[in-house]
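# Structural overview for review
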Amino acid sequence: MLIIDNLLNNKEMISTLKNDDTWKDFPTLNWWDGWWITKPRNIMEQLIEIIWKRFPDIIKVAGFEYWSNLHVTNGNQDWHFDKDEKHYSETKKYIVPFLGHIYYVKNLNVNGGYLEISNLPNSEKPDLTKIERIYPTENRLVIHNPTQIHRVTEVLSGKRRAFLANAWIKKPSTFDNAENVDGKNFEEVSWPNKFK
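Residues numbered from 1 in each chain as written. Predicted model: local features only at pLDDT ≥ 70, side-chain atom pairs only at ≥ 80, totals over all residues. Heavy atoms only, no water.

## Observations regarding the pairing of strand β5 (residues 99-112)
Of all 14 residues in β5, 10 are buried; the element is thus mostly enclosed. In this structure, β5 lies alongside strand β10 (residues 155-168), joined through 11 bridges in antiparallel fashion. If you follow H101 over to β10, its bridge partner there is A165. Here β5 pairs with strand β8 (residues 141-144) via 4 bridges, running antiparallel. (Buried < 20%, exposed > 50% of the residue type's maximum accessible area, 1.4 Å probe, protein only. Helix = DSSP H or I, 4+ residues; strand = E, 2+ residues; numbered from the N terminus. Pairing = 2+ DSSP bridges.)

## Notes on the nonpolar core
Grouped together as the largest cluster of nonpolar side chains are 27 residues, with contacts concentrated most on L17, L47, F64, Y66, Y103 and F163. Contributions of two or more residues to this core are made by α1 (11-18), α2 (43-52), β3 (63-72), β5, β8 and β10. Here the element with the most residues in this core is α2; it accounts for 6 residues. Ignoring anything within four residues of it in the chain, the contact list for L47 reads L7, L8, M13, L17, Y103 and F163. Judged by nonpolar contacts, the second largest core, of 16 residues, contains L29, W31, L164 and F186. (Core = buried A, V, L, I, M, F, W, Y, C linked by side-chain atoms within 4.5 Å. Contact = heavy atoms within 4.5 Å.)

## Some thoughts on the packing of aromatic side chains
Enumeration according to the criterion identifies 17 aromatic pairs in this entry. When the centroid spacing of 6.1 Å and the interplanar angle of 65 degrees are considered together, the rings of W36 and F64 count as edge-to-face. In this pair, W36 sits in the loop between β2 (29-32) and α2 while F64 sits in strand β3, placing the two residues 28 residues apart along the sequence. We classify F64 as buried; its relative accessible area is 0%. Aromatic rings pair up to connect W32, W35, W36, W52, F55 and F64 into one cluster. The ring of Y88 carries K83 above its face, with NZ or CZ at 5.2 Å from the centroid. In this arrangement the basic side chain of R133 is found over the ring face of Y114, its NZ or CZ atom lying 4.1 Å from the centre. (Phe/Tyr/Trp six-rings, centres within 6.5 Å; stacked < 30°, edge-to-face > 60°. Lys NZ or Arg CZ within 6 Å of the ring centre and 35° of its normal.)

In short, geometric facts, not functional conclusions.
If you want it as structure tokens, here you go:
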């Protein structure tokens, strides 16, 4: 795991990312082939390029799945590990990404909302005495193994937004029909700001 605080120094970009309007109509799941194939089409893909360009071998991947999570008071995310969601829904078998990132966009008076990552294999129940616990500090980047079981603890108060992306060796079947899909039927959804 790698944690980098104060990742961005471009105040305009930080402000745009923190603006709720930036995330209006943002699809549940999105795909991008990477800057070496397609130039960034929006601020999310620009951020992915900034984050992942520091790892030169990343251009060997097929691309990036990306999304955002917004947690407000009483929100949380249970233990899970990242996978090809469509493939799993059809076969109950796992295909997993190569590497992932979490970038904390906004922390508005958050109490709780920690990222917890188990150091045990994904098939085992987490041992709460053997976990990494990370606070969602704005402008903090976490590079991690998304196949390790992880969760977001309950947000006791406040508002927390994270922007996440996984690098995939092979494009997941989640995106067989489109680059921007819902998280239930994996059907194409409209995203008016895709090219902004």
